[in-house]
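# Analysis of the macromolecular model
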Amino acid sequence: GDQRLLTDASKRQMQRTEWKVDGTPTEYGLGLAVVDIGGRRLLGHSGGYPGHITRTFFDPIDLLAVSVLTNAMDAQAEVLAAALVRIVNLATESSGLPDAELGRFTGRFANLGGVQDVVALGGQLYLLDPTVDDPTDAPVRLTVVDDRSLRMSGGSAYRAPGETAHYTFADDGSVASIRTGTTAYPIERVAEAAQVRRRISLGSPLV
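Residues numbered from 1 in each chain as written. Predicted model: local features only at pLDDT ≥ 70, side-chain atom pairs only at ≥ 80, totals over all residues. Heavy atoms only, no water.

### Considerations on the pairing of strand β7 (residues 107-111)
Pairing analysis gives five bridges linking β7 to strand β8 (residues 114-121), with the strands arranged antiparallel. For Asn111, the partnering residue across the bridge sits in β8 and is Gly114. The antiparallel hairpin formed by β7 and β8 contains two residues in its connecting segment. (Pairing = 2+ DSSP bridges. Helix = DSSP H or I, 4+ residues; strand = E, 2+ residues; numbered from the N terminus.)

### Points about the sheet that holds strand β4 (residues 40-49)
Strand order in this open sheet of six strands is β1-β2-β3-β4-β5-β6, and the pairing throughout is antiparallel. The outermost strands of the open sheet, each flanked by one partner alone, are β1 (19-20) and β6 (64-70). Note that β4 and strand β5 (residues 52-59) share seven bridges and pair antiparallel. Each bridged residue has a counterpart across the sheet, and for Leu43 the counterpart in β5 is Phe58.

Okay, structure coming up:
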């Protein structure tokens, strides 16, 4: 409706696929790239300047926009932007309790084996790996069993579906640890402990 810079007809041509980019899943309108992420048709473009790279996706139907701006030319701006869209897609597919009621279980947890996130999306708890390109690929669903345990389902068999994730809480109600086969701790505690220890070993936990 705002035609001060471009007519609506021009904007339609920008969003309509005019040709495909050989060897990639990307299509192009007149000035905008067209990609599909999880069945969502997105438009946008990348941008770069020495020392910086960016990526923007937007969905004109659902009025969703994601922009990632980085200060490194080799940063994975497109990977990060796509991951954000996939997380939104996962949230819109979920339904359950209000996220606020699940918040006590959420957080980023770490041990010597890596980092994992427990997140509430659309009323459903998930266990996600924040270090991979697509953290929503085969997500582990977590169902509340009681005030200290969650049942794991879905995801890879390596995640032990059907097993229970056990929580311990501090006196102030914050998570002290979570055990999903191995025990992990809030990442802030792990980082603080690592900063004051010259050597870290499996037999000497960071607590």
